[in-house]
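Next come the chains, spelled out residue by residue.
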There are 2 protein chains.
Amino acid sequence: MHLGVGVSIKVAIVGGTHGNELSGIQLLKQWQADASVIERPGLSVTTLFGNPSAHQANRRYLDVDLNRQFAPELLTDASLGNYEQNRAKVINGLLGPKGASQTDLVIDLHNTTSNMGPTLILVDTTPWDSQLAAFVKSRMPEAVILVEDAKPAHEWGYLCTVGKRGVMVEVGPQSQSVLRHDILEEMAMMTGLILDFVALEAQGELPPLPQSVEAYRFLDTRYLPLDAQGEPLAMVHKSLEQNDFTELKPGEPMFQYFDGTVGVFDGDRPLYPHFINEAAYYDSHAAFSLAEKLELMVPKA
Amino acid sequence: MHLGVGVSIKVAIVGGTHGNELSGIQLLKQWQADASVIERPGLSVTTLFGNPSAHQANRRYLDVDLNRQFAPELLTDASLGNYEQNRAKVINGLLGPKGASQTDLVIDLHNTTSNMGPTLILVDTTPWDSQLAAFVKSRMPEAVILVEDAKPAHEWGYLCTVGKRGVMVEVGPQSQSVLRHDILEEMAMMTGLILDFVALEAQGELPPLPQSVEAYRFLDTRYLPLDAQGEPLAMVHKSLEQNDFTELKPGEPMFQYFDGTVGVFDGDRPLYPHFINEAAYYDSHAAFSLAEKLELMVPKA
C-alpha cells in the first residue's frame, strides 16, 4: 500500500453493522464529534453506520445478518431484496464495489457476548496482514489474533471484504444493548493501532517487528445436540464458560446434557474454543467455534 | 403457614416471565419431565411458563414488561389490553387473585446480565421472609439477599405478588437468550432450598437459624445523564463494571462522560450498586440500582 506523495489511503471504519453491538456505534459518534482522534498522516478516514435501522429497533438485524450478505453471488443478485440485502448493496456502492474497491481498508467494529477480549480478526494471511497482527500484538499484548482463512477472502460474506483489504475488531464480553467502559477503551485502542500501522506502513516507516506472532485459525463450529423437534438436548459445559481461547483437550467436558450426562470433546488434538455461548448465534444453536493455534510468520517490513 | 394434616401448601414456580431469560424456562422443562425434583412433603408444587409468546419472539416482552403489570390498579383496569396486560390478568386468575390468593407462595425465576450472583429478592420483611433468607444463606453462602420493601408488597407490579407470599430468584451474569450451565445450577439450588424451607417450616421442623442475616435493601435507581435530545452523555464507569454489591463510597467514580470527564458518586454514605449495566434497562437509561446493607433480624422458629 505504499503510495506516492499527496495520494492518500482511503480507510473506512464501520460501526453498528449489528444494531445491538454498541461499542462501535458509540465510537463513531465520538469520532464524528472529534475527527482528530482517527486522523493519521497520509490517510483519508471516513466512518459509516452499518445498520442504523436495526439499532433503532435494538436488534442485531431486521431480516438477515448484514455481516453475511457480502458474498459476491449475493451482492449481484437483485432478486435478494430484504432490508439487509438492500443495505449490503448500498454499502457495496458506498465503499466497494467488492473486487474493484475504492476503499483501501475497511475496519468493521463488533462486540461479542463471549469472553474473547480484544480480538483482531483477519480474513487473509498476506504479508500485510501478518505485519498488522505483529504490530498490534506488540503494542497491545492482550490482543488476540484470529485468522479466518478457511476460504479465499473475497468469498466471505463479511462486510469488511468490500474493501481492498478488510479486518474486524471484535471485543467482548459485552451483553447486547449494553455499553461497557472497559470494552469501549479496548476497541478504541485496537482501532487506533490499526490506523497507526496503516499510516506508518504507507510511509515506509514501520518499526522493526517480531519474526512471528501467535494467532488462532478458525476451523469449524460446534453445534448443540438437538432432539427430533430441533430443541437442544444439552448446553455448553461450565468448564468452558468464559474460557475462550483456552485449550480444550480430547476427552474433556464439552456439553452438559439435560439428562445429567456429559459430552466430551471428540477431537484428535487440543483445540481452542471461542465465541463460546455467543448470544447472537442462539438461533442456529451454535455452541462455540474451534481454532488451532499457529505462529504467523512476519515478513520484514 | 403451619397447616393441618392432609392440607398441602400450594407453591407455584414461574419461569420465562421475561422471554429471553432462559434459565427458568429450561428448569421448567426439566421439572415437567421429572417432577420429583421439586416435590416436597406437604407441598403441592406447580409450574407456569410466564410469557411463552415473548420467548417465541426471543424478547423480554412483546408490548410491556410483564413483571411490572401486577399492581392492583393495573389488574383491575379492563381498558389495559395489550399482550402483557392481558397475560397478567390471566396469570392473576390462574395463581391469584392478588389479595385473596389461592397460591401460598409464588417463586418467580429471573436472570440478569449483571454480575449479581444468585440473588434472593424479598418484597417483604415478615418473620417468614427473614427465616427464609437465613435458611437459604446458611446453606448457600454465596447467595445474596435483596429486600425490596420501598412500598408495601401488594403495591408492587411484580408477578410474584399475586401469591399470598412471593419471592424472586434472580441469577446472573447471563446474556439475554443464552443458557449458562453454572447459572442454571445456581438457580436450581436456590429454588430447591426455598422449597426445602417451605416444607420444613410448614411441618414445624425448621432447624435452628442464625439470629440475623446480611441483606441489602433497595433504595433507588441511578440513571445515566442525558443530553437535550435524550441521548446518554456518559456510561457506567469501569470501576463499577462486574462489581455488583461492592461498596461505592461518596467521591468515587460512577460515570465516565464521553467528553472525558468523570462523574463521582454524590451520596452521603457508602452504598451498594447492583443491576449494574443491566441490558434490559437500557431503554430507560438506568445505570444501576443502589442498596444499603442491613442485618435482617431472624425470629426464632
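Since the structure is predicted, the reported quantities are computational estimates derived from the model, not experimental observations.

The next point concerns the pattern of salt bridges. When the charged atoms of two side chains lie near each other, side chains of opposite charge can form a pair. Scanning the model with the defined rule gives 29 salt bridges over all chains in all. Of the charged contacts, one joins Arg 60 of chain B and Asp 65 of chain B as a salt bridge, the two residues approaching to 3.0 Å between their closest N and O atoms. Residue Arg 60 of chain B is classed as buried on the basis of its relative accessible area of 9%. Lys 249 of chain B is the salt-bridge partner of Glu 247 of chain B, the closest N and O atoms lying 3.2 Å from each other. Residue class for Glu 247 of chain B comes out partly exposed when judged on its relative accessible area of 33%. Among the residues examined, Lys 249 of chain B registers a relative accessible area of 39% and is labelled partly exposed. A single network of salt bridges, built from pairs that share partners, joins Glu 21, Arg 60, Asp 65 and Arg 68 of chain A.

All names here are of chain A. The domain architecture assigned to chain A consists of domain 1 (9-214) and domain 2 (224-283). Centre-to-centre separation of domain 1 and domain 2, based on C-alpha positions: 28 Å. Taken together, the contacts link 15 residues of domain 1 with 12 residues of domain 2. A combined buried area of about 1,000 Å² lies between domain 1 and domain 2, and 52% of that area is made up of carbon and sulfur atoms. In this structure, the connection of domain 1 to domain 2 is made through 0 salt bridges. At the surface where domain 1 touches domain 2, the tally comes to 7 residue pairs in polar contact (both at pLDDT 80 or more).

Here the focus is the pairing of strand β5 (residues 144-147) of chain B. Consecutive residues of a regular strand have side chains that alternate between opposite faces of the sheet. Residues and elements named next belong to chain B. The side-chain alternation of β5 yields two buried faces, one formed by Val 144 and Leu 146 and the other by Ile 145 and Val 147. Both strand β4 (residues 117-122) and β5 contribute to a ladder of 4 bridges, which runs parallel. By the bridge assignment, Thr 119 is partnered in β5 with Val 144. A crossover connection joins β4 to the parallel β5 through helix α5 (residues 127-139); in handedness this β-α-β unit is right-handed. Bridge count for β5 against strand β7 (residues 212-223) is 2 bridges, and the pairing is parallel. Within β7, the residue paired with Leu 146 across the bridge is Tyr 216.

Next up on the list: the interface of chain A and chain B. Taken together, the contact pairs 28 residues of chain A with 28 residues of chain B. Along the contact surface separating chain A from chain B lie 6 salt bridges. Taking the shortest distance from any N to any O, the salt bridge between Lys 238 of chain B and Glu 185 of chain A comes out at 2.6 Å. Where chain A touches chain B, the interface holds 10 residue pairs in polar contact (both at pLDDT 80 or more). Put simply, the parts of the chain that give the side of chain A that touches chain B at least two residues each are α1 (22-33), α6 (181-202) and β8 (234-236) of chain A. By residue class, the composition of the side of chain A that touches chain B is 9 nonpolar, 11 polar and 8 charged.

Moving on, we come to the packing of aromatic side chains. Remark: the centre distance and the inter-plane angle together describe each pair of aromatic rings, the angle taken between the planes. Residues and elements named next belong to chain A. Taken as a whole and judged by the stated rule, the model has 14 aromatic pairs over all chains. Ring plane angle 25° and centroid distance 5.0 Å describe the contact between Trp 156 and Tyr 158, whose orientation is recorded as stacked. By relative accessible area, Trp 156 is classed as buried at 11%. An aromatic cluster is defined as three or more aromatic residues linked by ring pairs; in this entry it consists of Trp 128, Phe 135 and Phe 197.

Turning next to the relation of the copies chain A and chain B. With an RMSD of 0.0 Å, chain A superimposes on chain B once it is rotated by 180° and translated 0.0 Å along the axis. The superposition operator between the copies reduces to a two-fold rotation axis. Among all residues of chain A, the minimum C-alpha distance to the rotation axis is found for Ser 175 of chain A, at 2.8 Å. The overlap is high: 100% of the interface residues of chain A also sit at the interface in chain B, so the same surface is used on both sides.

A few words on the packing of helix α5 (residues 127-139) of chain A against α6 of chain A. Residue and element names in this part refer to chain A. It is at 10 Å that the axes of α5 and α6 come closest, and there the two elements cross at 130°. By the angle class used here, α5 and α6 are oblique. In this structure, α5 meets α6 at a crossing whose hand is right-handed. On α6, the residues that touch Trp 128, Gln 131, Leu 132, Phe 135, Val 136 and Arg 139 of α5 are Met 189, Met 190, Leu 193, Ile 194, Asp 196, Phe 197, Val 198, Leu 200 and Glu 201.

Let us now look at the environment of Asp 124 of chain A. Residues and elements named next belong to chain A. Examined against the element boundaries, Asp 124 turns out to sit in the loop between β4 (117-122) and α5. For Asp 124, a relative accessible area of 31% translates into the label partly exposed. Residues Asp 124 and Ala 150, 26 residues apart in the sequence, show an inter-C-alpha distance of 9.3 Å.

Now for the environment of Glu 292 of chain B. All names here are of chain B. Secondary-structure assignment places Glu 292 in strand β12 (residues 286-297). Taking the relative accessible area as the measure of exposure, Glu 292 reaches 16% and is therefore buried. As for Glu 292 and Tyr 216, which are separated by 76 residues in sequence, their C-alpha atoms are 5.5 Å apart. Other than its neighbours up to four places away in sequence, Glu 292 contacts Ala 215, Tyr 216, Arg 217, Leu 219, Arg 269, Leu 271 and Tyr 272.

This part is about the side chain of His 18 of chain B. Residues and elements named next belong to chain B. Locating His 18 in the fold gives a position in the loop between β1 (9-15) and α1 (22-33). Taking the relative accessible area as the measure of exposure, His 18 reaches 3% and is therefore buried. Engagement of the side chain of His 18 in a polar contact is seen with the side chain of Glu 21, the distance being 3.1 Å. When near neighbours in sequence (up to four residues on either side) are disregarded, His 18 contacts Ile 25, Arg 59, Arg 60, Asp 65, Asn 67 and His 110.

Residues and elements named next belong to chain B. With respect to topology, 3 strands assemble into an open sheet ordered β8-β9-β10, the strand pairing being antiparallel. Either end of the sheet is taken by a strand with one partner, and the two such strands are β8 (234-236) and β10 (262-264). Neighbour-to-neighbour, the strand axes of the sheet open up by a mean angle of 30°, direction not taken into account. In this sheet, strand β9 (residues 253-257) lies alongside β8 in antiparallel orientation, the contact comprising 3 bridges. Bridge pairing in β9 links Ala 234 to Tyr 257.

Rules used throughout
- Residues numbered from 1 in each chain as written.
- Chains lettered and ligands numbered in written order.
- Predicted model: local features only at pLDDT ≥ 70, side-chain atom pairs only at ≥ 80, totals over all residues.
- Heavy atoms only, no water.
- Salt bridge = Lys/Arg side-chain N within 4 Å of Asp/Glu carboxyl O.
- Buried < 20%, exposed > 50% of the residue type's maximum accessible area, 1.4 Å probe, protein only.
- Domains from an automatic or database assignment.
- Contact = heavy atoms within 4.5 Å.
- Buried area = accessible area lost by both parts, 1.4 Å probe.
- Polar contact = N/O pair within 3.5 Å; in protein donor to acceptor, adjacent residues only side chain to side chain.
- Helix = DSSP H or I, 4+ residues; strand = E, 2+ residues; numbered from the N terminus.
- Pairing = 2+ DSSP bridges.
- Right-handed = clockwise from strand over helix to strand, strands pointing away.
- Nonpolar A, V, L, I, M, F, W, Y, C, P; charged D, E, K, R; others polar.
- Phe/Tyr/Trp six-rings, centres within 6.5 Å; stacked < 30°, edge-to-face > 60°.
- Least-squares fit on C-alpha atoms with pLDDT ≥ 70 in both.
- Axes fitted to C-alpha atoms, helices over the stretch in contact; angles between N-to-C directions.
- Parallel < 35°, antiparallel > 145°, perpendicular 65-115°, else oblique.
- Left-handed = near helix turned anticlockwise from the far one by under 90°.

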